Amino acid sequence: MRGWLREAAGGLPRQFWFLWTGTLINRLGAFVVIYLAIYLTQDLHFSQSQAGLVLGAYGVGGAIGTMTGGVLTDRWGRRPTMLIAQFGTAALMLSLGFAGHFWQLLVGAWLLGVFAEGVRPAFQAMMVDVVPDRDRIRAFSLNYWAINLGFAGAAILAGMLAKVDYLLLFVVDAGTTLITALISLVFIAETRPVRAAVRRVRGGPGLGTVFRDRVFVSFLALNFVIVLVIMQHMSTLPIAMTADGLSPATFGWVIAVNGLMIVAGQLFVPKLIDGHNRSRVLALAILIMGVGFGLNAFAGSAAFYAVTVVIWTLGEMLQSPSNSALVAELSPSQLRGRYQGVNSLSWSAGSALAPVIGGFVQQHAGSAVLWLSCAALGVLVAIGQLVSGPARERRAAELRLSERALTTPAPAATETPHEEDITPPRQVPVPAEN
């Protein structure tokens, strides 16, 4: 057991563990957004459409926040961007708890989305900065494990707090965010590459550079499609289960299988996929997810739905760390924040569109067509991963070489050259006198 723990978590930098601890604490209190719709409709008695607008405002703010956070991460630095976003999130979270009017909630949710999601590119860029290439899959697996462990704890804690007073949700969430910000302030150092390396990139690269990177954009396009599939578990899956006569409580424990599996098994994943071709791992993971969601077309009982969750969770566990590590390797150090911001945008956009597209298909074509379409998309994306994989690996190798060239010091000027390295002076002919 001790040897396995050493392989799973040993040898990672000290700063990574401060980031990991902040993630765990923050996720233990991250339940306001999850309960916001219930709070708005049941406690404040807003309509469902008004609640949807408030949640939509948060989503729009989040999209702006990821892009802005990515740019500021490269311009200002990782640490200042994180601190501004974290302290701002804590203050906005608390103020949102005391807001009572619709427009206050709408604007507050929008600002909260900007700050809460703005921290992600800085966090991801800093993690890539401090963790060596060889350890990134382990590091991202550990971070993903912390996210899900915190989420599981948050679900339990939020239920108890909501029974007492919904305001406590906002207060505790703000408190855990504040603790995370203090950890960043006291223990975390700046990791942005030195400016000398940044100046060596010609033309002042910006967001346009990211969107012109065909290899990276094609990878995000594949990722965006699979996000549309993954996020059906939050929107159309509960509707399908309700149509089969299953209660919301049943949906709760069925979907809880996802978090329990990740907490129990995620730390074994790096050892499992170590040494395997990354594109094949991603293709297999996405194929498994597609099969898992596709089997919902034949489900009708809670046990069958739970089996489908087990299947697509296995794919998610393989996909998540490999995906994060690949984004890190495709991101030049001087543009790491921007690349992480655009990556987060693809997730935000997919999460926003998934319930819209899925709901439309479910309403007009039926649940069976929806789930079989998810399976078909999984097959197509898996093929896309295999086809585009070699180009991504070539790009990652080129970036590794260029990063080493930027960081390798030049030979000392006092070094004594060998005779064979000395170029003899060129003889200049002397013109003859007339």
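Predicted, not measured: the structure shown is a model, and the values here were computed from it.

S.K.: Where do I start with the overall build of the protein in this structure?
M.R.: A count of helical and extended segments in the protein gives 18 helices and zero strands. The 434 residues of the protein split such that 47% are buried. For the protein, contacts bridging at least 24 residues in sequence account for 86% of all contacts bridging at least 6.

S.K.: Sorry if this is basic, but what is going on with the packing of helix α5 (residues 78-98) against helix α6 (residues 102-130) here?
M.R.: In a pair of packed helices, the angle between the axes and the distance between the axes together describe the arrangement. Between α5 and α6, whose axes approach to 8 Å, the crossing angle comes to 150°. With respect to α6, the axis of α5 lies roughly antiparallel. Judged by the sense of rotation from one axis to the other, the crossing of α5 with α6 is left-handed. In the contact of α5 with α6, the residues fall into 17 nonpolar, six polar and three charged.

S.K.: Is there a simple way to explain the packing of aromatic side chains in this structure?
M.R.: The geometry of an aromatic ring pair is captured by the separation of the ring centres together with the interplanar angle, meaning the angle of the planes. Inspection of every chain in the model, using the stated rule, returns eleven aromatic pairs. Both rings, one in phenylalanine 18 and one in phenylalanine 187, keep their centres 4.7 Å apart while their planes meet at 15°; by these two values the pair is stacked. Taken together, the residues phenylalanine 18 in helix α2 (residues 14-28) and phenylalanine 187 in helix α8 (residues 167-187) connect sequence positions 169 residues apart. For phenylalanine 187, a relative accessible area of 42% corresponds to the partly exposed category. Each member of the aromatic cluster is reached from another via a ring pair, and the members are Phe16, Trp17, Trp20 and Trp145.

S.K.: Can you walk me through the pattern of salt bridges in this structure?
M.R.: Opposite charge on two side chains allows them to pair when their charged atoms are near. If you walk through the whole model with that rule in mind, you get twelve salt bridges. Between arginine 136 and aspartate 133 there is a salt bridge; the shortest N-O distance is 2.8 Å. Aspartate 135 is the salt-bridge partner of arginine 134, the closest N and O atoms lying 3.9 Å from each other. Salt bridges linked by common partners bring Asp74, Arg78, Asp129, Arg336 and Arg338 together as one network.

S.K.: Just to check I follow, could you spell out unusual backbone geometry for this structure?
M.R.: Trans is the common state for peptide bonds, and a negative phi is the common state for residues other than glycine. Phi is positive for histidine 45, which is not a glycine, with a value near 60°. Looking at the element boundaries, histidine 45 is found in the loop between α3 (32-43) and α4 (48-75). For histidine 45, a relative accessible area of 65% corresponds to the exposed category.

S.K.: What is the right way to look at empty space enclosed by the protein in this model?
M.R.: The full count for this structure, using the stated rule, is one cavity of 30 Å³ or more. When its volume is computed, the largest cavity comes out at roughly 30 Å³. Every residue lining the largest cavity is listed: Val32, Tyr35, Leu36, Tyr39, Tyr166, Leu169 and Phe170. Elements with a minimum of two residues in the lining of the largest cavity: α3 and α8. With four residues, the single largest contributor to the lining of the largest cavity is α3. Residues belonging to the lining of the largest cavity are distributed by class as follows: seven nonpolar, no polar and no charged.

Calculation criteria
Residues numbered from 1 in each chain as written. Predicted model: local features only at pLDDT ≥ 70, side-chain atom pairs only at ≥ 80, totals over all residues. Heavy atoms only, no water. Helix = DSSP H or I, 4+ residues; strand = E, 2+ residues; numbered from the N terminus. Buried < 20%, exposed > 50% of the residue type's maximum accessible area, 1.4 Å probe, protein only. Contact = heavy atoms within 4.5 Å. Axes fitted to C-alpha atoms, helices over the stretch in contact; angles between N-to-C directions. Parallel < 35°, antiparallel > 145°, perpendicular 65-115°, else oblique. Left-handed = near helix turned anticlockwise from the far one by under 90°. Nonpolar A, V, L, I, M, F, W, Y, C, P; charged D, E, K, R; others polar. Phe/Tyr/Trp six-rings, centres within 6.5 Å; stacked < 30°, edge-to-face > 60°. Salt bridge = Lys/Arg side-chain N within 4 Å of Asp/Glu carboxyl O. 1 Å grid on protein atoms, 1.4 Å probe; cavity = no way out; pocket = protein on both sides within 12 Å on 5 of 7 lines; lining within 4 Å. Points joined across faces, edges and corners; volume = space filled by probe spheres on them.

Don't take any of this as a statement about function, it's just geometry.
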